[in-house]
Amino acid sequence: MTRQLHLNLFLMPRGHHESAWRHPASTPRALTDLELYVEAARIAEAAKFDAVFLADAVVAPTGGLLASGAFEPITLLSALAVATQKIGLIGTASTTYSLPYTLARQFASLDHLSKGRAGWNIVTSWAPQAGLNYGRDKDISHGERYAMAEDFLKAVDALWRSYPAEAVLDDRASAQYLDTSLIRPVNHKGPYWQTQGPLNIPGSPQGRPVYVQAGQSDDGRAFAARWAEVIFTAHLAKESAQVFYSDVKGRAVANGRQPADIAILPGLSAAIGSTEAEALQVWEELDDLTSPEIGLTRLSARFGGHDFSSLPLDKQLTRSDFPDPERVDASKSRVKGYIDLAVQEGLTLRQLLKRLAGARGHFTLAGTPEKVADVIEDWFTSGASDGVNVMPPILYRQFEVFTAEVVPILQKRGLFRRDYEGETLREHFGLAPVARNFPTENAA
């Protein structure tokens, strides 16, 4: 079968640029208005996108200069399951601040409600001081968070196999609802998580949600190679995307998997116009609405709370202006990318903040629909991606342009579907069915 490009909508309520909420072209709907998200999901579904994805944070925002206060993902996706028919629904949930049994129930429920369209974006939660919201006196180190995630995945994976759909007989004549011989406890006792099981909801249409992951550090790549089926990743250049793509696919093979078992989708935030100048004007309008204060706050958070405010905004940055990334227990790969970008391009602090305002370290672009389609095709055919995590700088305006003008070009070139060929998210991504058999070592 011809290799298929994948498109995913990374849905931010008014757009991905940090000042999109102020732009006159962005939706005026409140962040707590369900219709904001329903409309975006329906636009994506009409364009035959694989999925819509919701990020999440486990800390409250600081300051009042950014739009914030959106819904919890699983709750919102349950509503979108009713409002849509085919598009996949991917939600973020933390392995550091969740419980395996609760999360397994929630995502199994979402997969049933959506008839097999659920995906779980697995995060370890890098935000500083997140632990304080969950009764922990201090944050957990980067390495330990991934050790916890490994244990968490083993627990939920077993829970999703513990109550197979085949156990439901619903035989009224014989008065037998369940074949209890098929339902088994998991008795998981790991270093971080313990759960007896079995789960109290039968196996869902996909068996379990599609596993999605976004870590780019060495720990993150190792974890992805074992578990991930879709990877959202951030790159400022095609060359680094190619290195990442080759590395993760190679690690997957070393874990006994096939390269096609993982779809890698770098983020792309594209300002689109009928001319290059018109597209560039979109970025200029957005940049004019932002402020250094917003950028400094977000940069500080990425670097674990480091204070950059003493640096002159127009000082050309050097590596000594940043803390050692190895000592940052947040998103290590992302902060390394920020440092490399600043040093290699000789940016001032002001320039760096503007570069990050658009997409926080993801690839940004300004151009015509043809140019955007060319870049997507180039990355897809040159070993940099299996598709794109679409990050519209303004919602809905720029996303509507992408679906109306870029998607038809990709379809005409034979790169992207004209209609859905399956019903489940797993089928959209061309992933193999989940093995429903229960692991022998966990059998009762």
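Preceding this paragraph is the structure being described.
Notes on the structure follow. What you see is a predicted model; the values in this text were computed from it and never measured.

Here is what the cut-offs are and how they apply
- Residues numbered from 1 in each chain as written.
- Predicted model: local features only at pLDDT ≥ 70, side-chain atom pairs only at ≥ 80, totals over all residues.
- Heavy atoms only, no water.
- Helix = DSSP H or I, 4+ residues; strand = E, 2+ residues; numbered from the N terminus.
- Contact = heavy atoms within 4.5 Å.
- Buried < 20%, exposed > 50% of the residue type's maximum accessible area, 1.4 Å probe, protein only.
- Pairing = 2+ DSSP bridges.
- Salt bridge = Lys/Arg side-chain N within 4 Å of Asp/Glu carboxyl O.
- Core = buried A, V, L, I, M, F, W, Y, C linked by side-chain atoms within 4.5 Å.
- Axes fitted to C-alpha atoms, helices over the stretch in contact; angles between N-to-C directions.
- Parallel < 35°, antiparallel > 145°, perpendicular 65-115°, else oblique.
- Left-handed = near helix turned anticlockwise from the far one by under 90°.
- Nonpolar A, V, L, I, M, F, W, Y, C, P; charged D, E, K, R; others polar.

Regarding the side chain of His 362
The topology assignment puts His 362 in the loop between helix 10 (349-359) and strand 12 (363-367). Non-local contacts of His 362, meaning those with residues more than four positions away in its chain, are made with Thr 233, Ala 234, His 235, Leu 236, Gly 267, Arg 334 and Met 391.

Quick notes on the environment of Glu 144
Looking at the secondary structure, you find Glu 144 in helix 4 (residues 142-162). Residue classification places Glu 144 among the partly exposed positions, given a relative accessible area of 35%.

Let's talk about the pairing of strand 13 (residues 387-390)
Note that strand 1 (residues 6-10) and strand 13 share four bridges and pair parallel. Pairing of Leu 9 across the sheet is with Val 390, part of strand 13. Bridge count between strand 11 (residues 263-272) and strand 13: two bridges; the pairing is parallel. The residue of strand 13 that forms the bridge with Leu 268 is Val 390.

Examining the pattern of salt bridges
Here the structure, examined in full by the defined rule, presents 23 salt bridges. Close ionic contact of Arg 426 with Glu 229 constitutes a salt bridge, the shortest N to O distance being 2.6 Å. Here Arg 426, found in helix 13 (residues 425-428), pairs with Glu 229, found in the loop between helix 5 (218-227) and strand 10 (230-233); they are 197 residues apart in sequence, far enough to count as distant. Pair check on accessibility: Arg 426 and Glu 229 agree, each one buried.

Points about the nonpolar core
Inside soluble globular proteins, nonpolar side chains tend to come together where they are buried. If you look at the biggest cluster of nonpolar residues, it comprises 77 residues, and the most contacted ones within it are Leu 7, Phe 49, Trp 120, Trp 160 and Phe 402. Once you skip the residues sitting within four places of it in the chain, Phe 402 turns out to touch Leu 7, Phe 49, Ile 272, Val 372, Ile 376, Val 390 and Val 407. Among the nonpolar cores identified, the runner-up in size contains 18 residues, and Leu 296, Phe 322, Val 335 and Leu 341 belong to it.

Observations concerning the packing of helix 5 against helix 6 (residues 238-254)
The N-to-C vectors of helix 5 and helix 6 enclose an angle of 50 degrees; their axes lie 8 Å apart at closest approach. Between helix 5 and helix 6, the interaxial angle falls into the category oblique. By crossing handedness, the relation of helix 5 to helix 6 is classed as right-handed. When helix 5 is examined against helix 6, the residues Asp 218, Arg 221, Ala 222 and Ala 225 are found in contact with a partner set consisting of Phe 244, Asp 247, Val 248, Arg 251 and Ala 252. Split into classes, the residues belonging to the contact of helix 5 with helix 6 amount to five nonpolar, no polar and four charged.

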